[in-house]
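# Structural features, examined
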Number of protein chains: 2
Amino acid sequence: MGVGGLEYVALVIYDVRDNKLRSEISKFLKRVGLSRIQKSAFAGSIRPSDRSELEAGLRRLVRGWSNYNIQVYVISASTYSSRTVISEGYVLEEDEEFLV
Amino acid sequence: MGVGGLEYVALVIYDVRDNKLRSEISKFLKRVGLSRIQKSAFAGSIRPSDRSELEAGLRRLVRGWSNYNIQVYVISASTYSSRTVISEGYVLEEDEEFLV
């Protein structure tokens, strides 16, 4: 699933203390079709009707854990397209979840 | 500046390798009136006309640095309000920039 063409984009940002939980969150977000845009941020097309499923999956993952903050924004594709990215020499370590 | 009442909210997320640059970015975002919502994310009301100034300030800060990715989203206040926050036992270390 890409982020263009469709009408809505889910933007998920997270700050999670535990390495294992953080890794599980990133694997989950990848599995549901989002793409990593920063170390702790994913984005991807979403149907508004799928939002509750995405959030339910996240709530299931964090059950029993503490010290985490996950935020889900559903924005229009045009708002997503008009984001500004200021970046230099930045390499996303896509596989970092396998290194922890 | 809060995030309610006005029409637009700037959401700034960043992934910055260098501690000093990261600290300068967070101080800058605070100074222009945004509030920290995660370790590396700020949000706050913005007039669309102020967006270019915010971005120019960020570009000025990162000049000469490398290994950073900053993303600026300008979303409607209602979209911001309808974000979902999944959080437990999470404490924002507001002063972390003085600890690095």
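Our subject in this report is the structure included herewith. (Residues numbered from 1 in each chain as written. Chains lettered and ligands numbered in written order. Predicted model: local features only at pLDDT ≥ 70, side-chain atom pairs only at ≥ 80, totals over all residues. Heavy atoms only, no water.)

### Section: the overall build of chain A
Just so we agree on the cut-off: Segments assigned H or I by DSSP are reported as helices when at least four residues long, segments assigned E as strands when at least two residues long, and all are numbered from the N terminus. For every residue, the accessible area (1.4 Å probe, protein chains only) is compared with the maximum for its type, and the residue is labelled buried under 20%, exposed over 50%, or partly exposed between those bounds. Whether two residues touch is decided by their heavy atoms; if any such pair falls within 4.5 Å, the residues are in contact.
From N to C terminus, chain A includes three helices and five strands. The secondary structure elements of chain A, listed N-terminal to C-terminal, are β-α-β-β-α-β-α-β. Across the 100 residues of chain A, 48% fall into the buried class. Long-range contacts, defined as pairs at least 24 residues apart, comprise 76% of the intrachain contacts of chain A with a sequence gap of at least 6.

### Let's talk about the pattern of salt bridges
Residues and elements named next belong to chain A. To keep things clear, this is the line we draw: Here a salt bridge means any side-chain nitrogen of Lys or Arg lying within 4 Å of a carboxyl oxygen belonging to Asp or Glu.
According to the stated counting rule, one finds six salt bridges over all chains in the structure shown. In this structure, the salt-bridge partner of Arg 47 is Asp 50, at a minimum N-O distance of 3.1 Å. With relative accessibility at 55%, the residue Arg 47 sits in the exposed group.

### Topic: the side chain of Thr 79 of chain A
Mapped onto the elements of the fold, Thr 79 of chain A is located in helix α3 (residues 77-81). Beyond its immediate sequence surroundings of up to four residues, Thr 79 of chain A is in contact with Val 74 and Ile 75 of chain B.

### Points about the interface of chain B and chain A
One widely used convention gives an interface's size as the accessible area the parts lose upon coming together. This is how it is decided: Accessible area that two parts lose when put together, evaluated with a 1.4 Å probe and summed over both, is termed the buried area. Here a polar contact is recorded for every N or O atom pair within 3.5 Å, except that within protein the pair must consist of a potential hydrogen donor and a potential acceptor, and residues adjacent in sequence are included only if both atoms are side-chain atoms. Residue polarity is assigned by list, with Asp, Glu, Lys and Arg as charged and Ala, Val, Leu, Ile, Met, Phe, Trp, Tyr, Cys and Pro as nonpolar; anything else, Gly included, falls into the polar class. Criterion used throughout: strands pair if DSSP finds at least two bridges between them.
Chain B puts 37 residues into the contact, and the matching count from chain A is 37 residues. Roughly 3300 Å² of surface becomes buried between chain B and chain A when both sides are summed, with 51% attributable to carbon and sulfur atoms. In this structure, the connection of chain B to chain A is made through zero salt bridges. Here chain B and chain A share 26 residue pairs in polar contact (both at pLDDT 80 or more) between them. Among the secondary structure elements, those contributing two or more residues to the side of chain B that touches chain A are β1 (8-16), β2 (35-38), α2 (51-62), β4 (68-76), α3 (77-81) and β5 (84-88) of chain B. No other element matches β4 of chain B, which puts eight residues into the side of chain B that touches chain A. Considered class by class, the residues forming the side of chain B that touches chain A number 18 nonpolar, ten polar and nine charged. As judged from the five bridges shared by strand β5 (residues 84-88) of chain A and β4 of chain B, these two strands associate in the antiparallel manner. Each residue of the ladder has a partner; that of Ser 87 of chain A, found in β4 of chain B, is Asn 69 of chain B.

### Details of the relation of the copies chain B and chain A
Threshold: Least-squares superposition of the copies uses the C-alpha atoms of those residues scoring a pLDDT of at least 70 in each of them.
In screw terms, the move from chain B to chain A is a rotation of 180° and a rise of 0.0 Å along the axis, fitting with an RMSD of 0.0 Å. Look at the turn and shift together and you get a two-fold axis relating the two. For chain B, the smallest separation between a C-alpha atom and the rotation axis is recorded for Ile 75 of chain B, amounting to 3.7 Å. Most of the interface of chain B is mirrored in chain A: 100% of its interface residues are interface residues there too.

### Brief notes about helix α2 (residues 51-62) of chain A
The criterion, for reference: The span you would expect from a helix comes to 1.5 Å times its residue count less one.
Taking 1.5 Å of rise per residue, the twelve residues of α2 of chain A would be expected to cover 16 Å, and the 17 Å separating its terminal C-alpha atoms lies within 8% of that figure. Looking at the buried side of α2 of chain A, the elements it contacts are β1 (8-16), α1 (19-31) and β4 (68-76) of chain A together with β5 of chain B. Following α2 of chain A by one or two positions, Gly 64 of chain A has its phi on the positive side, about 90°.

### Considerations on the pairing of β2 of chain B
When β2 of chain B meets strand β3 (residues 41-45) of chain B, the two strands line up antiparallel, connected through three bridges. Residue pairing across strands places Gln 38 of chain B opposite Ala 41 of chain B, the latter belonging to β3 of chain B.

### Observations regarding the packing of aromatic side chains
Note the cut-off: Between 30 and 60 degrees the pair is tilted, below 30 it is stacked and above 60 it is edge-to-face, where a pair is any two Phe, Tyr or Trp rings, Trp via its six-membered ring, whose centres lie within 6.5 Å. Charges are assigned to positions over rings by a cutoff of 6 Å between ring centre and Lys NZ or Arg CZ, combined with an angular limit of 35 degrees from the ring normal.
Using the criterion set out here, one finds four aromatic pairs over all chains in the structure. The interplanar angle of 25° and the centroid separation of 6.4 Å between the aromatic rings of Tyr 14 of chain A and Phe 42 of chain A together place this pair among those described as stacked. A residue pair is termed long-range when its members are at least 10 positions apart, and Tyr 14 of chain A in strand β1 and Phe 42 of chain A in strand β3 (residues 41-45) qualify at 28 residues. The exposure class of Tyr 14 of chain A is buried, given its relative accessible area of 3%. Ring centres of Tyr 73 of chain A and Tyr 80 of chain B lie 6.0 Å apart, and the angle between their planes is 35°; on these two criteria the pair is classed as tilted. On the criterion of chain membership, the pair formed by Tyr 73 of chain A in strand β4 and Tyr 80 of chain B in helix α3 is interchain, its members lying in two chains. On the accessibility criterion, Tyr 73 of chain A (0% relative accessible area) is buried. For Tyr 80 of chain B, a relative accessible area of 4% corresponds to the buried category. Lying over the aromatic face of Tyr 80 of chain A, Arg 83 of chain A brings its terminal NZ or CZ to 4.0 Å of the ring centre.

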